[in-house]
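Reading the structure
In case you want the letters, here they are:
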Amino acid sequence: QVQLVESGGGLVQPGGSLRLSCTASGFTTFSRWAMSWYRQAPGKERELVAAIGAPGGTTHYADSVKGRFTISRDNEKSTVYLQMNNLKPEDTAAYFCNAFAVVISKEYDYWGQGTQVSVSS
(Lines give C-alpha, C1' and ligand atoms only; values in the text may rest on other atoms or scores of the structure.)
Protein backbone atom coordinates (compact mmCIF):
# COMPACT_ATOMS: atom_id res chain seq x y z
CA GLN A 1 0.00 0.00 0.00
CA VAL A 2 1.41 3.34 -1.09
CA GLN A 3 1.58 5.90 1.68
CA LEU A 4 3.03 9.38 2.22
CA VAL A 5 3.38 10.63 5.79
CA GLU A 6 4.26 14.25 6.51
CA SER A 7 5.72 15.53 9.76
CA GLY A 8 7.47 18.57 11.17
CA GLY A 9 4.67 21.11 11.16
CA GLY A 10 3.90 23.32 14.12
CA LEU A 11 3.57 26.83 15.46
CA VAL A 12 6.48 29.19 14.86
CA GLN A 13 7.04 32.94 15.21
CA PRO A 14 7.60 35.13 12.16
CA GLY A 15 11.20 34.84 11.03
CA GLY A 16 11.50 31.35 12.41
CA SER A 17 12.25 28.08 10.66
CA LEU A 18 10.72 24.65 10.28
CA ARG A 19 11.71 21.53 8.38
CA LEU A 20 8.96 19.36 6.99
CA SER A 21 9.55 15.72 6.15
CA CYS A 22 7.55 13.38 3.96
CA THR A 23 8.37 9.69 4.16
CA ALA A 24 7.10 7.36 1.48
CA SER A 25 6.32 3.68 1.83
CA GLY A 26 5.03 1.10 -0.60
CA PHE A 27 6.84 2.66 -3.58
CA THR A 28 8.87 0.18 -5.62
CA THR A 29 11.50 2.77 -6.58
CA PHE A 30 11.12 6.07 -4.75
CA SER A 31 13.85 7.73 -6.80
CA ARG A 32 11.69 7.49 -9.93
CA TRP A 33 8.98 9.70 -8.46
CA ALA A 34 8.84 13.47 -8.79
CA MET A 35 8.05 14.91 -5.37
CA SER A 36 6.33 18.14 -4.50
CA TRP A 37 5.07 20.15 -1.57
CA TYR A 38 1.73 21.95 -1.84
CA ARG A 39 -0.08 24.08 0.70
CA GLN A 40 -3.64 25.14 1.28
CA ALA A 41 -4.71 28.00 3.49
CA PRO A 42 -8.31 28.30 4.77
CA GLY A 43 -10.59 29.54 2.02
CA LYS A 44 -7.89 29.30 -0.63
CA GLU A 45 -7.01 26.83 -3.33
CA ARG A 46 -4.19 24.37 -2.94
CA GLU A 47 -1.00 25.78 -4.45
CA LEU A 48 2.36 24.34 -5.46
CA VAL A 49 5.14 25.44 -3.12
CA ALA A 50 8.16 23.46 -4.34
CA ALA A 51 8.98 20.46 -6.49
CA ILE A 52 11.98 18.25 -7.09
CA GLY A 53 12.47 15.97 -10.05
CA ALA A 54 13.30 12.30 -10.17
CA PRO A 55 15.84 11.18 -9.05
CA GLY A 56 16.75 14.71 -7.87
CA GLY A 57 18.58 17.88 -8.80
CA THR A 58 15.95 19.80 -10.73
CA THR A 59 13.90 22.02 -8.44
CA HIS A 60 11.10 24.52 -8.83
CA TYR A 61 9.72 27.04 -6.36
CA ALA A 62 6.73 29.30 -6.15
CA ASP A 63 7.79 32.94 -6.38
CA SER A 64 6.44 33.57 -2.89
CA VAL A 65 8.96 31.18 -1.29
CA LYS A 66 12.04 31.58 -3.48
CA GLY A 67 15.11 32.27 -1.39
CA ARG A 68 13.39 31.14 1.81
CA PHE A 69 12.39 27.51 1.21
CA THR A 70 14.55 24.61 0.02
CA ILE A 71 13.28 21.25 -1.18
CA SER A 72 15.54 18.21 -1.07
CA ARG A 73 15.26 14.44 -1.11
CA ASP A 74 17.04 11.43 0.30
CA ASN A 75 16.22 8.50 -1.96
CA GLU A 76 17.87 6.01 0.39
CA LYS A 77 15.41 7.04 3.09
CA SER A 78 12.47 7.52 0.68
CA THR A 79 12.02 10.97 2.16
CA VAL A 80 11.57 14.46 0.80
CA TYR A 81 12.19 17.56 2.89
CA LEU A 82 11.10 21.16 2.86
CA GLN A 83 13.35 23.50 4.80
CA MET A 84 11.43 26.69 5.50
CA ASN A 85 13.33 29.74 6.73
CA ASN A 86 12.26 33.30 7.47
CA LEU A 87 8.67 32.18 7.80
CA LYS A 88 5.92 34.74 7.37
CA PRO A 89 2.30 34.76 8.60
CA GLU A 90 1.17 34.24 5.01
CA ASP A 91 2.97 30.89 5.01
CA THR A 92 0.33 29.60 7.43
CA ALA A 93 -1.37 26.65 5.77
CA ALA A 94 -1.73 22.89 5.70
CA TYR A 95 1.24 21.49 3.79
CA PHE A 96 0.81 18.37 1.66
CA CYS A 97 3.34 16.05 0.09
CA ASN A 98 2.71 14.75 -3.43
CA ALA A 99 4.31 11.99 -5.45
CA PHE A 100 3.88 11.87 -9.21
CA ALA A 101 5.06 9.53 -11.94
CA VAL A 102 4.14 8.48 -15.46
CA VAL A 103 4.43 4.75 -16.12
CA ILE A 104 3.64 3.40 -19.58
CA SER A 105 1.69 6.58 -20.39
CA LYS A 106 -0.41 6.32 -17.24
CA GLU A 107 -0.19 9.00 -14.56
CA TYR A 108 0.11 8.06 -10.90
CA ASP A 109 -0.52 10.69 -8.25
CA TYR A 110 -0.45 10.23 -4.46
CA TRP A 111 -1.01 12.61 -1.56
CA GLY A 112 -0.16 12.66 2.10
CA GLN A 113 -2.59 13.65 4.83
CA GLY A 114 -0.97 17.03 5.45
CA THR A 115 0.78 18.79 8.30
CA GLN A 116 -0.23 22.16 9.70
CA VAL A 117 2.17 25.10 9.71
CA SER A 118 1.14 28.18 11.66
CA VAL A 119 3.22 31.35 11.71
CA SER A 120 2.16 33.81 14.36
CA SER A 121 3.58 35.98 17.10
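Let me begin by describing the structure that accompanies this report. Just so it is clear, the model here is predicted, and its values are computed rather than measured.

How each quantity is defined
- Along each chain, residue indices are assigned from 1 in the same order as the chain's sequence is written.
- Only residues with pLDDT of at least 70 are given local features in this predicted model, and only at 80 or more are side-chain atom pairs given and counted; all residues enter the totals for whole chains, interfaces and linings.
- No hydrogens and no water enter the side-chain calculation; it runs on all heavy atoms of the structure.
- A side-chain nitrogen of Lys or Arg and a carboxyl oxygen of Asp or Glu constitute a salt bridge if their distance falls within 4 Å.
- The helix and strand labels rest on DSSP assignments: H or I over at least four residues marks a helix, E over at least two residues marks a strand, and numbering proceeds from the N terminus.
- Each residue is placed in one exposure class: buried if its accessible area under a 1.4 Å probe, protein chains only, is under 20% of its type's maximum, exposed if it is over 50%, and partly exposed if it falls in between.
- Stacked, tilted and edge-to-face are the three classes assigned to paired rings of Phe, Tyr and Trp, where Trp is represented by its six-membered ring and a pair needs centres within 6.5 Å; plane angles under 30 degrees give stacked, over 60 edge-to-face, the rest tilted.
- DSSP calls a pair of strands paired once it identifies at least 2 bridges connecting them.

Quick word on the pattern of salt bridges
Using the criterion set out here, one finds four salt bridges in the structure. A salt bridge links Asp91 to Arg68; its shortest N-O distance comes to 2.7 Å. Note that Asp91 is positioned in the loop between β8 (79-84) and β9 (93-103) and Arg68 in the loop between β6 (59-61) and β7 (69-74), a separation of 23 residues in sequence. Across the pair, Arg68 and Asp91 agree in class, each one buried.

Observations regarding the packing of aromatic side chains
Tallied over the full model, the rule gives five aromatic pairs. A centroid spacing of 6.5 Å and a plane angle of 90° characterise the contact between Phe27 and Phe30, whose relative ring orientation is edge-to-face. Look at Phe27 and Tyr110: their rings are 5.8 Å apart centre to centre, the planes differ by 80°, and that puts the pair in the edge-to-face class. Of this pair, Phe27 sits in the loop between β3 (18-25) and β4 (34-40) while Tyr110 sits in strand β10 (residues 106-111), and the two are 83 residues apart along the sequence. These aromatic residues form a ring-pair network of at least three members: Phe27, Phe30, Trp33 and Tyr110.

Notes on the pairing of β7
Burial along β7 is one-sided: the residues Phe69, Ile71 and Arg73 are buried and none of Thr70, Ser72 and Asp74 is. From the end of β7 to the start of β8, which pair antiparallel, there are four residues, and Ser78 there has a positive phi angle of about 50°.

Function-wise, these values are silent; they only describe arrangement.
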